[in-house]
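The chain contents come next:
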Amino acid sequence: DRCLGLVLLLQAVSCSPGPLVDVLVDRYDVPKVCPREVRTEDFIRYHFNGTFYDDGRKFDSSYDRGKAFISQVGLGRLITGMDRGLQGMCVNERRRITVPPHLAYGSIGTGGVVPPDATLVYDVLLLDIWNTEDKVQIRTISKPASCSRSTAATDFIRYHYNGTLLSGETFDSSYARNSTYDTYLGQGDLIKGLDEGLLGMCVGERRVIIIPPFLAYGENGNGTKVPPQATLVIQALMVDVFNPKDDVIVAVKEAPEGCTRRTVAGDYIRYHYNGTFQDGTPFDSSYQRNSTYNTYIGMGYVIPGVDQALLGVCFGERRRVTVPPHLAYGEQGAGDVIPPSAVLVFDIHVIDFHNPNDKVEIQVTYKPEVCNNTTAVNDLVRYNYNCSLVDGTLLFSSHDYENIQDAVLGADKVIDGLDEGLRDMCVGEKRLVTVPPHFGHGEKGGAGVPSSAVLVFDIELVSFEKGVPPGYMFVWLEDSPADLFDALDANKNGEVPQEEFGDFIKLQVAEGKGRIRPGQTMEQVVTEMFKNQDRNKDGVIKAEELKLKVEEDKEREHARHEEL
């Protein structure tokens, strides 16, 4: 019986056999959510199959034409029965509307298609509703807790989106292309409704934007995906925003106290960084490589925005640097890592910096009141030290070794900067010595020392022995004997064996008349000196063999000039 089941009668109808008095509506498929119902003066887009009530024959179908039907409701542009039967319908609802002849084409019929006095049945699927009074609807799905900047006209934005029709059918998606949609906002590069709907968004914000057809693609639609007079639903995620007038934004996160020096153009800097996009997605990190990024600044070796932001920093300073694309990688991006027109955010931690013209810096932290002797080139020095980076990271300490550290100054036994820092010191004196890398381990670094690292030595001189010039084993502290061989030849037999030679050297040192090379035992010095003087290797030195080191040097120099 047609009076049974889920039906809606717009007027009371008789359940007894006979002609219908009013439209009969069977809502056989109703969506669970219906945010909007059709009302008078609304425009709608719908598909339908039209059949005759009596025999079920089809007389018309929008499906057969491959194009949904578009009309305005309640103003007489449809047959009266459809004007009534479509009222209150939801998008994606399916209805079966039975229209009696007097509310359809009456006793005349139409065009040989619908005969007189025909009851019509329309099976309808509603696809879209809009009204000329409609505005862009914006529903915020999620928004970051903090939002320092929102989109405005003339900004350039990068956003992801899923685009559907009001019926839920997808017509486009940036996610499917794995690429954001990039454009200027408020300049007419987008459809009007989207230009409006994307205003005031924060990076990371998600919105649903519902755009009526006259603020979208209107009567023409767009290709095969967007039909004419289609309401669009855009689910947008704002990824990035900047303005062509933007400059680098620098936010100091941590500034060390007592900053005595700041970077200038031409300095060489070592820093760690995390690089992210504005939505927080990471793209690079020096921490992951466990190596600082090292470069000259102010000379174009890094992107302009970072070059600018690294000027004026202190040792240990932390900065967040936001770089617009025109000061980063621009419209081209960088490979598969940086997309075109991306704003970059760098969290930077300055480790150290120096200038190629820097000298070794020496700060005396303690000096004894009495200081009669100081270290000099060729001296053997014994010292304690801690070696650290500028940020305080300890690299080495003499306390880690059993024996105290020693070195002969000027003999290339330690790095140049430390060698310089150990000179002119008193026993007990303490110093902080800052060594730039060109006086340290250089660009290559060393075992346990990063490349291009500035080193800080906290040193204490424990003791030192006055040295001798390079190549010498013994030096006179006063004039040597007029007849040196006679002085050596204690028993006056014209020959000086090693024991006799050694006794003489020991006596000169004991009486303060001479000094042996520090760091070597007396036996080592005597053996080496005797070996040099015993020229015919017969185990004794004779008068004709004995020569002072200074005389030997003169002979070598003379021979060299003759060869030239």
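No experiment lies behind these values; they were computed from the predicted model shown.

Thresholds applied
Residues numbered from 1 in each chain as written. Predicted model: local features only at pLDDT ≥ 70, side-chain atom pairs only at ≥ 80, totals over all residues. Heavy atoms only, no water. Core = buried A, V, L, I, M, F, W, Y, C linked by side-chain atoms within 4.5 Å. Buried < 20%, exposed > 50% of the residue type's maximum accessible area, 1.4 Å probe, protein only. Helix = DSSP H or I, 4+ residues; strand = E, 2+ residues; numbered from the N terminus. Contact = heavy atoms within 4.5 Å. UniProt positions renumbered as here; feature names shortened; annotations may be inferred. Phe/Tyr/Trp six-rings, centres within 6.5 Å; stacked < 30°, edge-to-face > 60°. Polar contact = N/O pair within 3.5 Å; in protein donor to acceptor, adjacent residues only side chain to side chain. Expected span 1.5 Å × (residues − 1). Arc of directions from axis to C-beta. Disulfide = S-S within 2.5 Å.

**As for the nonpolar core**
Argument step 1. Residues Tyr46, Met82, Leu86, Ile97, Tyr122 and Val124 are the most contacted members of the largest nonpolar core, which totals 26 residues.
Argument step 2. Where this core is concerned, the elements lending two or more residues are strand S3 (43-52), strand S6 (94-99) and strand S7 (120-130).
Argument step 3. At five residues, S7 tops the list of elements feeding residues into this core.
Argument step 4. With near-sequence residues (within four places) excluded, Ile97 lies in contact with Val23, Leu24, Val25, Gly81, Met82, Gly85, Leu86, Leu120, Val121, Tyr122 and Val124.

**Looking at the UniProt feature "domain: PPIase FKBP-type" (unreviewed entry) in the protein chain**
Argument step 1. According to UniProt, the "domain: PPIase FKBP-type" (unreviewed entry) feature falls on residues 41-130, 154-242, 266-354 and 378-465.
Argument step 2. Helix makes up 11% of residues 154-242 and strand 39%. Its end C-alpha atoms lie 9 Å apart.

**Some details on the packing of aromatic side chains**
Argument step 1. Enumeration according to the criterion identifies 26 aromatic pairs in this entry.
Argument step 2. A centroid spacing of 5.8 Å and a plane angle of 45° characterise the contact between Tyr159 and Tyr161, whose relative ring orientation is tilted.
Argument step 3. On the basis of relative accessible area, Tyr159 is assigned to the buried category, the value being 1%.
Argument step 4. Seen from their ring centres, Tyr385 and Phe457 are 6.2 Å apart, and the 50° between their planes marks the pair as tilted. In this pair, Tyr385 is assigned in strand S21 (residues 380-389) and Phe457 in strand S25 (residues 455-465), connecting sequence segments 72 residues apart.

**A few points about the environment of Lys537**
Argument step 1. Of note, Lys537 is situated in the loop between helix H10 (522-533) and strand S29 (540-541).
Argument step 2. A residue is classified by how much of its surface remains accessible, and Lys537, at 56% relative accessible area, is exposed.
Argument step 3. Among the polar contacts listed, one links the side chain of Lys537 to the backbone oxygen of Lys531, at a separation of 2.8 Å.

**Some thoughts on H10**
Argument step 1. Counted at 1.5 Å a residue, the expected span for H10 with its 12 residues is 16 Å, and the 16 Å between its end C-alpha atoms agrees.
Argument step 2. Every buried residue belonging to H10 is among Met522, Val525, Val526, Met529, Phe530 and Gln533, and all of these are buried. Down the axis of H10, the buried set is contained in an arc of 120°. They therefore lie on one face.

**A short note on the environment of Met238**
Argument step 1. Within the fold, Met238 resides in strand S13 (residues 232-242).
Argument step 2. A relative accessible area of 1% means that Met238 is categorised as buried.
Argument step 3. As for Met238 and Leu409, which are separated by 171 residues in sequence, their C-alpha atoms are 64 Å apart.

**As for the state of the cysteines**
Argument step 1. What the rule picks out here adds up to four disulfides.
Argument step 2. The disulfide partner of Cys147 is Cys202, and the S-S distance across this bridge is 1.9 Å. Between Cys147 and Cys202, the S-S torsion sits near -100°, and that sign places the bridge as left-handed. Of this pair, Cys147 sits in the loop between strand S8 (137-142) and strand S9 (156-165) while Cys202 sits in the loop between helix H4 (192-197) and strand S12 (206-211), and the two are 55 residues apart along the sequence.
Argument step 3. Exposure remark for Cys147: the relative accessible area of 34% places this residue in the partly exposed category.
Argument step 4. Accessibility expressed as a relative area gives 2% for Cys202, which makes it buried.
Argument step 5. Between the sulfur atoms of Cys259 and its disulfide partner Cys314 the distance amounts to 1.9 Å. Sign of the S-S torsion, about -100° for the bond between Cys259 and Cys314, identifies this disulfide as left-handed.

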